Structure formats: C-alpha cells, structure tokens
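Listed here are the chains, written in short residue letters.
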Amino acid sequence: MNTVRICHLYPGELNIYADRGNIAVLRRRLEWRGHRLDVHEVGVGARIPDDADMYYLGGGQDRDQIVVAGDLATTKADALHRAVADGSVILAVCGGYQLAGHGYTGVDGTRMPGIGLLDADTTAGPTRLIGDVVITVEVAGAPLTVVGFENHAGRTTLGPGSVPFGTVRHGHGNNDMDGTEGAMTNRAIGTYLHGPLLPKNPQLADLLLGWALEHATGAQVPLAPLDDALERQAHRAAIARVRERGSA
Ligand code: GLN
C-alpha cells in the first residue's frame, strides 16, 4: 500500500462546478487499488509543504480569485515552484489555472498576479466562453480524448515555457482563436475543463495518479485496471451530446 499526499489549495474559495469532485475520484481510484490519498486542505494564510505528491487548485469567480491571488504569491508560490521542479503533479482548473500562470486581468480590469508555474497569461474578454468541450491530449503516449465543460471570461495565451495541455476538437479552449486548451510545464497542468474533470476521464485520472505514485515512491507503480463502464458511458455521453449539436 502506498500513500499519495495531495494539497488541496483554497477548497473554500476555489470550488465551482463541484471541482472538489476531482479529489473524490483520485481518492476512490487509489483505494480501489489498495492505496490511500492523504488530503491536506490549505486555505488563505497557511504555508504549504514543497514535497507533496500533488497539488490541486479548482476554479472560482473573479471575486474569489482576487483573494487567492494575493495569498498565493506570499505564502505558497515558492513551495509550488520547488515542487514542480521536483516532479510533483499540479492540476489547476480554470480560475486556478489562470493564477498558476502569470496572472489574470478580470472582467472589471483588476489585475490578479499569478505565480508563473505555467507560461500563460489571461485577460477577460467581452463575452463568456461557455459549453461542452472535447480535446485531444498527447501526454499519455497515445492520444487521449478528454471531455469537460467550460465557463470563463478569460482568454489565455501561452508563451514558449509551456505547451498546450490539449488540442480543441469542440469548444473554445484557451482563447477561442488558436485551437489550444490548457497549458503544461513538467507535470503541472492547467485546464479550463470543469465537469468536474476527472469522473468522466478515468484514463486522465490514472495518468495523474501514476505520476503522483512515482513521486511518492520513486518508482513506477502499476495501477490495476478498474471496471470503468460507468465512467466510459459518461465520457461517451458527453461526446454524443456534442455530436448531436453538430461538431466534433
Ligand atoms: N473567473 C474566471 C473567468 O471568468 C474563472 C472562471 C472559472 O473558474 N470558471 O475567466
């Protein structure tokens, strides 16, 4: 049995679209294989260890992001930078993704500085980008189709220090212009996909768990296959819904 240690950052401030469901998925998929997840919830003002196996940031409204932006830089940025350099896994969704980049200029013009884990910068546009998303992700060896839901004002552009997390097949993605979705540097991933992300994308959940277990143990830990019939059905239903509406 191995234990994966995850820091869930700002569970009170960054939790829209049931983003904390991602933590539940990670926990159950570990437990079904005889491992365990140790969740350390960390709010405003608290410091974090730099040796957790995984860090998680959910999405949030602009007003919640303002609070988080001020705190991230002062109490958490240094540890997160050391962690990413050391191969820890970061998953940052939507509002969390924007702040994991260089920053977000919100709907009312407020600049919320980010911490530059990802080479990405975001500015709110005049409309919200909303709807189902289907992307192709290339990090797992073979291309992986990932589904989710987006709702953001922010338009994100990437610099050379990050690669896109995925290529948009349906939906808006980073900016509705260049076909990219999310950003990745080392094992730090930012994405606009809510849903929450992991219940309908079990292969992605296992990819992240594999990385986290590798960080925890220093070795690759094989993950026994699970009965993912329900998860696959939910995944297929999301793609079918998009197809019915005429694309992807
Ligand atoms: N407030 C940000 C935006 O509108 C992030 C929204 C979110 O996390 N869904 O772009």
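Each remark here, short or long, concerns the structure printed above.
Residues numbered from 1 in each chain as written. Predicted model: local features only at pLDDT ≥ 70, side-chain atom pairs only at ≥ 80, totals over all residues. Heavy atoms only, no water.

1. Here we look at the sheet that holds strand S12 (residues 188–191)
Right, so step 1: Spatial strand order, S2-S1-S3-S4-S12-S11: six strands in an open sheet with mixed pairing. Here the strands that pair on one side only, and so sit at the sheet edges, are strand S2 (36–42) and strand S11 (183–185). Taken over all neighbouring pairs, the strand axes of this sheet differ in orientation by 15 degrees on average, direction set aside.
Right, so step 2: Pairing between strand S1 (residues 3–9) and strand S3 (residues 54–57): four bridges, direction parallel. (Pairing = 2+ DSSP bridges. Helix = DSSP H or I, 4+ residues; strand = E, 2+ residues; numbered from the N terminus. Axes fitted to C-alpha atoms, helices over the stretch in contact; angles between N-to-C directions.)

2. Topic: the site of the ligand
Right, so step 1: Neighbouring the ligand are 16 residues, the closest being Asp62, Gln65, Cys94, Arg128 and Gly154.
Right, so step 2: Side-chain polar atom of Gln98 to an oxygen atom of the ligand: 3.0 Å apart, as the coordinates give it.
Right, so step 3: Ala153 places a polar main-chain atom, nitrogen or oxygen, 3.0 Å from an oxygen atom of the ligand.
Right, so step 4: When the free accessible area of the ligand is taken as 300 Å², the share hidden by the protein chains comes to 98%.
Right, so step 5: Breaking the shell around the ligand down by element, the ones donating at least two residues are helix H2 (62–85), helix H3 (95–100) and strand S8 (144–158).
Right, so step 6: In terms of residue count, S8 provides more of the shell around the ligand than any other element does, four residues in total.
Right, so step 7: For the shell around the ligand, a count of residues per class yields four nonpolar, 10 polar and two charged. (Near = heavy atom within 4 Å. Polar contact = N/O pair within 3.5 Å; in protein donor to acceptor, adjacent residues only side chain to side chain. Areas by Shrake-Rupley, 256 points an atom, 1.4 Å probe, with all protein chains shown as cover. Nonpolar A, V, L, I, M, F, W, Y, C, P; charged D, E, K, R; others polar.)

3. Brief notes about the packing of aromatic side chains
Right, so step 1: Per the counting criterion, the structure on display carries two aromatic pairs.
Right, so step 2: When the ring of Tyr17 is compared with that of Phe149, the centres are 5.5 Å apart and the planes differ by 65 degrees; the resulting orientation is edge-to-face. Within this pair, whereas Tyr17 is found in the loop between S1 and helix H1 (21–31), its partner Phe149 is found in strand S8, the two being separated by 132 residues in sequence.
Right, so step 3: Judged by relative accessible area, Tyr17 falls into the partly exposed class, the value being 36%.
Right, so step 4: The class of Phe149 is partly exposed, set by a relative accessible area of 25%.
Right, so step 5: The interplanar angle of 75 degrees and the centroid separation of 5.1 Å between the aromatic rings of Tyr97 and Tyr192 together place this pair among those described as edge-to-face. (Phe/Tyr/Trp six-rings, centres within 6.5 Å; stacked < 30°, edge-to-face > 60°. Buried < 20%, exposed > 50% of the residue type's maximum accessible area, 1.4 Å probe, protein only.)

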